[in-house]
Amino acid sequence: MERTYLMVKPDGVQRGLVGQIISRFEQRGYKIVGLKMMQISRETAEKHYGEHAGKPFFNDLVNFITSGPVVAMVVEGKDVVSTAREMMGATNPLKAAPGTIRATYGVDVGRNIIHGSDSLESANREIAIFFRPEELVDYERAI
Ligand code: CMP
């Protein structure tokens, strides 16, 4: 079964949106198999966002993602990588489709509430950065 890495960013945590965001994935039928609140180190942030190194927004991105706690999640289910991206909406909340997470809660590309892996390959890489194998659980969920 497919897994993806999702992360409620510091703005989502500070604004008290964690429960509502998790609810969307639970209600859709997706299963949470890993979940933790954490403060990311600069080193981990630079690794996670390595593909953006050198871009003009990279420093702001790392500063922001390390500025407060995040909620890191591994979510499992059918086509979850692409479906979670659809549920999140476009990276820029101003361009996100109505009803998506980013359109519902945000207006700023830097403070866009949530991160989600953009491919299965990224998901596997990102899950390994934030979770040890033993932190992921296996259980049955009735859809
Ligand atoms: P995320 O999906 O976490 O992946 C990279 C992040 O860079 C993206 O969400 C945005 O929050 C952030 N970012 C900041 N500025 C920009 C920008 N100008 N273009 C794209 N992404 C940006």
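Whatever comes next refers back to the structure up there.
Cut-offs applied
Residues numbered from 1 in each chain as written. Predicted model: local features only at pLDDT ≥ 70, side-chain atom pairs only at ≥ 80, totals over all residues. Heavy atoms only, no water. Near = heavy atom within 4 Å. Polar contact = N/O pair within 3.5 Å; in protein donor to acceptor, adjacent residues only side chain to side chain. Areas by Shrake-Rupley, 256 points an atom, 1.4 Å probe, with all protein chains shown as cover. Nonpolar A, V, L, I, M, F, W, Y, C, P; charged D, E, K, R; others polar. Axes fitted to C-alpha atoms, helices over the stretch in contact; angles between N-to-C directions. Helix = DSSP H or I, 4+ residues; strand = E, 2+ residues; numbered from the N terminus. Parallel < 35°, antiparallel > 145°, perpendicular 65-115°, else oblique. Left-handed = near helix turned anticlockwise from the far one by under 90°. Contact = heavy atoms within 4.5 Å. Buried < 20%, exposed > 50% of the residue type's maximum accessible area, 1.4 Å probe, protein only. Pairing = 2+ DSSP bridges. Salt bridge = Lys/Arg side-chain N within 4 Å of Asp/Glu carboxyl O. Arc of directions from axis to C-beta.

Describe in detail the site of the ligand, supporting the description with residues and values.
Around the ligand, a shell composed of Lys9, Tyr49, His52, Phe57, Leu61, Thr91, Arg102, Val109, Gly110, Asn112 and His115 is seen. Within the side chain of Tyr49, a nitrogen or oxygen atom sits 2.6 Å from an oxygen atom of the ligand. Considering the ligand on its own, with 450 Å² of exposed area, one finds that the protein chains cover 76% of that surface. Here the residues of the shell around the ligand are counted per class, giving 4 nonpolar, 5 polar and 2 charged.

Describe the packing of helix α2 (residues 18-28) against helix α5 (residues 80-88), with residues and values.
Following both chains from N to C, one finds α2 and α5 inclined at 130°, their axes separated by 12 Å at the closest point. Comparing their axes, α5 and α2 come out oblique. Taken as a pair, α2 and α5 cross one another with a handedness that is right-handed. For the pair formed by α2 and α5, the contact residues are Arg24, Phe25 and Arg28 on the first element and Thr83, Ala84 and Met87 on the second.

Break down the pairing of strand β1 (residues 3-8) for me, with residues and values.
The element β1 is extensively covered by neighbouring structure, given that 5 of its 6 residues are classed as buried. Where β1 lies against strand β3 (residues 70-76), 6 bridges are found, and the strand directions are antiparallel. Counted as the bridge partner of Tyr5 is Val74 from β3. In this sheet, strand β4 (residues 114-116) lies alongside β1 in antiparallel orientation, the contact comprising 3 bridges. Its bridge partner being in β4, Leu6 is matched across the sheet by Gly116.

So what's going on with the pattern of salt bridges? Residues and values would help.
Overall, the coordinates contain 6 salt bridges when judged by the stated rule. Residue Glu135 pairs with Lys36 through a salt bridge whose shortest N-O separation is 3.0 Å. Taken as a pair, Glu135 in the segment after α7 (120-130) and Lys36 in strand β2 (residues 31-38) lie far apart in primary sequence, 99 residues in all. Relative accessible area serves as the criterion here: at 25%, Glu135 is assigned to the partly exposed category. Through salt bridges with shared partners, one network takes in Lys36, Arg132, Glu134 and Glu135.

Which residues make up helix α4 (residues 58-65), and what are the values?
Regarding α4, the residues found buried are Phe58, Leu61, Val62, Phe64 and Ile65. Along α4, the residues classed as buried sweep out an arc of 165° about the axis, all on the same side. If you follow the buried residues of α4, they end up packed against β1, α1 (10-14), α3 (42-48) and β3.

Pulling in residues and values, what's your account of the environment of Gly89?
For Gly89, the position within the fold is in the loop between α5 and α6 (101-105). On a C-alpha basis, the gap between Gly89 and Ile114 in space is 9.8 Å, while along the polypeptide they are 25 residues apart. When neighbours within four sequence positions are excluded, Gly89 is seen to be in contact with Ala96, Thr100 and Arg102.

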